[in-house]
Amino acid sequence: MPAPTSPSAPEAARPGAAVADSAFLRACRREPVPYTPVWFMRQAGRSLPEYRRVREGIGMLDSCMRPDLVAEITLQPVRRHKVDAAIYFSDIVVPLKAIGIDLDIKPGVGPVVDRPFRTREDLERLRPLDPDDVTYVTEAVGALTAELGATPLIGFAGAPFTLASYLVEGGPSRNHEHTKAMMYGAPELWADLLDRLADITAAFLKVQIEAGASAVQLFDSWAGALAPEDYRHSVLPASAKVFDAVAPYGVPRIHFGVGTGELLGAMAEAGADVVGVDWRVPLDEAARRIGPDKAVQGNLDPAVLFAPRPAVEAQARRVLDAARDLPGHVFNLGHGVLPDTDPDALTRLVEFVHEQTAR
């Protein structure tokens, strides 16, 4: 990992020696590990009965703005599953809400924006994110790092393209028609929109790092809707700007998208240290596309966890076999934990991966 080099960059909270030497951070740095580390996207979520209890009657965005609740939810899968990293409980639209964008997360739908972005005048609604806008994040991360001990905390944010798609479409979209219409038909407006979102995203990640997060993940959930050339020309520069902005902190940077098998090489060029892979591409092939200087993360199909235990273990072994010769591998799912997943299946999977890979 690059060491902090910019004298003007704020200091991040330094991880303790035990955190820095954790299997997760060692794998991200492509160093030898005692076993393959495991964590799951959406590990803190509806698959856990304890999560459903503490969230009962509390809206998603309200949950993300209560430091005590964020800390409790983030810790739940660490306690239950003994995963090797915690991921900060939040949502990718939190920084947009924090700067005053009128949006809400509707159950069963997802983020919905009251007035979609369609014109240059709409850009004026995207003011810079100030740390004072998200003091609850700083408070929650501080509480978590104190509680987690030797377990690393991963901060995260939504990538500029995915945030832009929500803003332009007004919510989740299957075809991204308004998004692509702007990208193709108003390329200067599109570039300016992504550039502003890159600054907001970078600021949100910096808040988490400075409060104590020891790695960050950039989620580009919708990037798989793009052709490789469109990604390179119209999306990659903004994602690279985010990764460049947090590079001086020296924490591992993870990049993940869904359906991005054809984009893996370009996503690696954006500047992450670890590239996440969904279940559609075997990890050894994904590593070939990504290149030799990155760690990989993934990539068990989340639906496999609904199969009987022997089948889950057989599929997990396939992932481990594909990753056997890779210098850095973080075991994860190829997307988030599905809401109806049996939590015991996740606990057993963590144990299985640890046992199978013990050095």
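Before going into details, it helps to say that this report is about the structure given with it.

So, how was this worked out
- Numbers given to residues run from 1 along each chain, matching the order in which its sequence is written.
- Since the coordinates come from a predicted model, pLDDT governs what is reported: local features require at least 70, and pairs of side-chain atoms require 80 or more to be given and counted, while whole-chain, interface and lining totals use all residues.
- Side-chain metrics rest on all non-hydrogen atoms present in the structure, leaving aside hydrogens and water.
- Helix numbering and strand numbering both begin at the N terminus, where a helix is a DSSP run of H or I of at least 4 residues and a strand a DSSP run of E of at least 2.
- Radius of gyration means the value over C-alpha atoms here, while the globule rule gives 2.2 Å times the residue count to the 0.38 power.
- A 1.4 Å probe rolled over the protein chains alone gives each residue an accessible area, and that area as a share of the maximum for its type sets the label: buried under 20%, exposed over 50%, partly exposed in between.
- Accessible areas in this description were obtained via Shrake-Rupley with a 1.4 Å probe; residue shielding takes into account the shown protein chains only.
- Under this rule, positive means Lys or Arg and negative means Asp or Glu; His and the chain ends count for nothing.
- For this purpose, a charge sits on NZ of Lys, CZ of Arg, CG of Asp or CD of Glu.
- Whether two residues are in contact is decided by their heavy atoms: any pair within 4.5 Å suffices.
- The rule is short: rings of Phe, Tyr and Trp, with Trp giving its six-membered ring, pair when the centres are within 6.5 Å, and they are stacked under 30 degrees, edge-to-face over 60, tilted in between.
- DSSP calls a pair of strands paired once it identifies at least 2 bridges connecting them.
- Basic side-chain nitrogens of Lys or Arg form a salt bridge, by our definition, when they fall within 4 Å of a carboxyl oxygen of Asp or Glu.
- By nonpolar core we mean a set of buried residues, namely Ala, Val, Leu, Ile, Met, Phe, Trp, Tyr and Cys, connected to one another through side-chain atoms within 4.5 Å.

1. Comments concerning the overall build of the chain
Counting its regular elements, the chain contains 16 helices and 9 strands. Relative to the globule expectation of 21 Å for 359 residues, the C-alpha radius of gyration of the chain, 19 Å, shows essentially globular dimensions. By its C-alpha atoms, the chain is 55 × 45 × 40 Å across when sized along the principal axes. Looking at the chain as a whole, 58% of its 359 residues qualify as buried. Surface accessibility of the chain: about 14600 Å² in total, with carbon and sulfur atoms responsible for 50%. Each charge class in the chain can be summarised by its mean position, and for the 37 positive and 48 negative side chains these summaries are 3 Å apart.

2. Quick notes on the side chain of S47
In this fold, S47 is placed in the loop between α2 (23-28) and α3 (49-55). Judged by relative accessible area, which is 4%, S47 ranks as buried. Those residues within four positions of S47 in sequence are excluded, and the remaining contacts are R52, V337, L338, P339, T341, P343 and L346.

3. Some remarks on the packing of aromatic side chains
Tallied over the entire structure, the rule returns 5 aromatic pairs. Plain terms: the ring middles of F156 and F219 are 5.4 Å apart, the flat faces sit at 80 degrees to each other, and that makes the pair edge-to-face. Placement of the pair is F156 in strand β4 (residues 153-158) and F219 in strand β5 (residues 215-220), with a sequence separation of 63 residues. F219 carries the same exposure label as F156, and that label is buried. Consider the rings of F219 and F256, whose centres lie 6.2 Å apart with planes at 80 degrees: the pair is edge-to-face. A residue pair is termed long-range when its members are at least 10 positions apart, and F219 in strand β5 and F256 in strand β6 (residues 253-257) qualify at 37 residues. The pair formed by F219 and F256 is uniform in burial state, with each residue classed as buried.

4. Description of unusual backbone geometry
The step from G298 to N299 runs through a cis peptide bond, and the omega angle for that step is -5 degrees. Its place among the elements puts N299 in strand β8 (residues 295-300). Within the chain, R30 stands out as a residue other than glycine whose phi angle is a positive 60 degrees. With respect to the helices, strands and loops of the structure, R30 is situated in the loop between α2 and α3. The phi dihedral of K82 falls on the positive side, at around 60 degrees, and the residue is not glycine. Mapping K82 onto the fold places it in the loop between α5 (67-81) and β1 (86-87). You can call K82 exposed: its relative accessible area is 54%.

5. Details of the environment of L349
As for its placement among the helices and strands, L349 is situated in helix α16 (residues 343-357). For L349, a relative accessible area of 2% puts it in the buried group.

6. Regarding the sheet that holds β8
The 7 strands lie next to each other as β1-β4-β5-β6-β7-β8-β9, forming an open sheet whose pairing is parallel. Each having just a single partner strand, β1 and β9 (329-333) make up the two edges of the open sheet. Where β5 and β6 come together, 5 bridges link them in parallel fashion. In the strand pairing of β6, L218 is matched with H255.

7. So, the pattern of salt bridges
One pass over the structure, following the stated rule, counts 21 salt bridges. R80 is paired through a salt bridge with D344; the nearest N and O atoms lie 3.9 Å apart. With R80 in helix α5 and D344 in helix α16, the pair connects residues that are 264 residues apart, well separated along the chain. Judged by relative accessible area, which is 27%, R80 ranks as partly exposed. For D344, a relative accessible area of 40% gives the class partly exposed. For K241, the salt bridge identified is with D195, shortest N-O distance 2.8 Å. With K241 in helix α12 (residues 236-246) and D195 in helix α10 (residues 187-211), the pair connects residues that are 46 residues apart, well separated along the chain. Look at K241 and you get partly exposed, because its relative accessible area is 29%.

8. Some thoughts on the nonpolar core
A general tendency of soluble globular proteins is for nonpolar side chains to be buried together. Counting 131 residues, the largest nonpolar core has F24, L126, L193, Y231 and L349 as its most contacted members. Tallying contributions element by element places α10 first for this core, with 13 residues. Contact partners of L193, with chain neighbours within four places excluded, come to F117, L123, L126, A164, L167, V168 and M182.

The quantities given are spatial measurements derived from coordinates; they are silent on function.
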